[in-house]
Amino acid sequence: MIELVSFGCRLNAFETEVMRGHAAAAGLRHAVVINTCAVTAEATRQARQAIRKARRQNPEARIVVTGCAAQIDPAGFAAMPEVDQVLGNEEKLRRETFTRLAAGDLPRIEVADIMTVTKTPASAVEAVEGRPRAFLQIQQGCDHRCTFCVIPYGRGNNRSLPMGEILTQARRLVEAGVKEIVLTGVDIGGYGGDLPGRPPLGQMVCRLLRQLPELARMRLSSIDPVEIDEDLWRLIAEEPRLMPHLHLSLQAGDDLILKRMKRRHSRAQAVAATARAQTLRPGIALGADLIAGFPTETEAMFERSLALIEDCGLAFLHVFPFSARTGTPAARMPQLPMALRRERARRLRAEGAAAEARFLARQRGRLEQVLIERPGRGHGESFAEVETDGGLPGEILALRITGTSGRRLVGRQHLSQPAA
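So, here is what we can say about the structure in this document. (Residues numbered from 1 in each chain as written. Predicted model: local features only at pLDDT ≥ 70, side-chain atom pairs only at ≥ 80, totals over all residues. Heavy atoms only, no water.)

### Re helix α13 (residues 338-362)
Point 1. Here α13 spans 36 Å end to end across 25 residues, near enough to the 36 Å set by a 1.5 Å rise per residue.
Point 2. Looking at α13, one finds that the buried residues are R341, R344, A345, L348, G352, A355, E356, F359 and L360.
Point 3. Summarising the contacts, the buried residues of α13 are in contact with β12 (285-292), α12 (299-311), β13 (316-321), β17 (396-405) and β18 (408-413). (Helix = DSSP H or I, 4+ residues; strand = E, 2+ residues; numbered from the N terminus. Expected span 1.5 Å × (residues − 1). Buried < 20%, exposed > 50% of the residue type's maximum accessible area, 1.4 Å probe, protein only. Contact = heavy atoms within 4.5 Å.)

So, in structure tokens, the structure goes:
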């Protein structure tokens, strides 16, 4: 028995699949691997809860803890009586780590200083049978130091994979039947800054699509609005295989709060970026991350974040009440009461839900190319989930959107189907 539990971001989900492959190749048995997240205190609490639950349910299994929370506080997790081993974020991606783990040849804590890591080896993940959409890591780490964020201390500095390695992995996924690849990382907009010639993200995406004409669809994970380079803007406008969907790391809509967060964009730049996206790709779906109740945030400042949803035409929100992370500058700023943070998060989510409902309602009558991921269910180009009455995993169907069902679209097969 080998069980893997993943918390947090898409990159963690990708790395969990990498570890699954390493564990199988090493013959690891009777183990539970928990891949933690550290983005909020709640995420860390949930990881600890999952560790205790795993021990109760698997009293004889080896409990292995890894991920950002474990990288940042390895001693704290090793001190839990339920934990047998703690692995760092770099160590968890090495095949030899799992070989040694299976042989019982690892120390209790195997965590290096992530800030000393300058290169990240390509971490190939095989396509999972029946899953036509796959994540592909293009970089690790982040060179920026937002005042609220602890993730650079869990992931290290920016490290990009060379284009050749990305292409090799992407081709392997396509050959295995993957129809949509999601490019992921910690800060994908920082791609290439550490490579010879500093090739930007847009250049890499352009080359990848050009050299893989058999890839049906590509999607980007979260990106900062100021990191969208001109090549990427051109692809957004002209490349139908790059899905019309952007998820932006906005965090707030007030300029003083953005400055105190040490973000690199202003409110006006966020609005301008979303307006440009909508002009270049009419109908594009826009999402964003927003933090509610950042230290010193007044009601007027919060209202500007609330108004950002309409001003930017956002449809899909990830909302977090501010969580003070030990060691970050924001944790030393004057804090708002937790009840107020949660109330502001509730208001953002309510406004976001209304915006999402309006976006979904506007899709009625549209012809949507939907990637079927399980019988009767898939994702459209906008990444909205779509219900239908047919289709097999891996098929791309042209569906006429007839309405909504909760947070999903409902589609019916169009008479003239394109080849999938």
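Still to come is the rest of the account.
### Observations concerning the pattern of salt bridges
Point 1. Taken as a whole and assessed by the stated rule, the structure comprises 32 salt bridges.
Point 2. Close ionic contact of R264 with E227 constitutes a salt bridge, the shortest N to O distance being 3.0 Å. Taken together, the residues span a long stretch of sequence, with R264 in the loop between α10 (255-261) and α11 (267-280) and E227 in the loop between β10 (217-220) and α9 (230-238) at a distance of 37 residues.
Point 3. Since its relative accessible area comes to 9%, E227 is described here as buried.
Point 4. In this structure, R347 engages E299 in a salt bridge whose closest nitrogen and oxygen atoms are separated by 3.0 Å. Note that R347 is positioned in helix α13 and E299 in helix α12, a separation of 48 residues in sequence.
Point 5. Residue class for R347 comes out partly exposed when judged on its relative accessible area of 22%.
Point 6. Counted as one network, the salt bridges with shared partners bring together E297, E299, E303, R344 and R347. (Salt bridge = Lys/Arg side-chain N within 4 Å of Asp/Glu carboxyl O.)

### With respect to the packing of aromatic side chains
The geometry of an aromatic ring pair comes down to the distance between the two centres and the angle between the two planes.
Point 1. Under the defined criterion, the tally for this structure stands at three aromatic pairs.
Point 2. Ring geometry for F148 and F294: centres 6.5 Å apart, planes at 85°, overall edge-to-face. Here F148 is found in the loop between β7 (139-140) and α6 (152-155), whereas its partner F294 is found in the loop between β12 and α12, with 146 residues between them in sequence.
Point 3. Here F294 and F322 contribute two aromatic rings whose centre-to-centre distance is 5.3 Å and whose plane-to-plane angle is 75°, an arrangement assigned as edge-to-face. Of the two residues, F294 sits in the loop between β12 and α12 while F322 sits in the loop between β13 and α13, which places them 28 residues apart along the sequence. (Phe/Tyr/Trp six-rings, centres within 6.5 Å; stacked < 30°, edge-to-face > 60°.)

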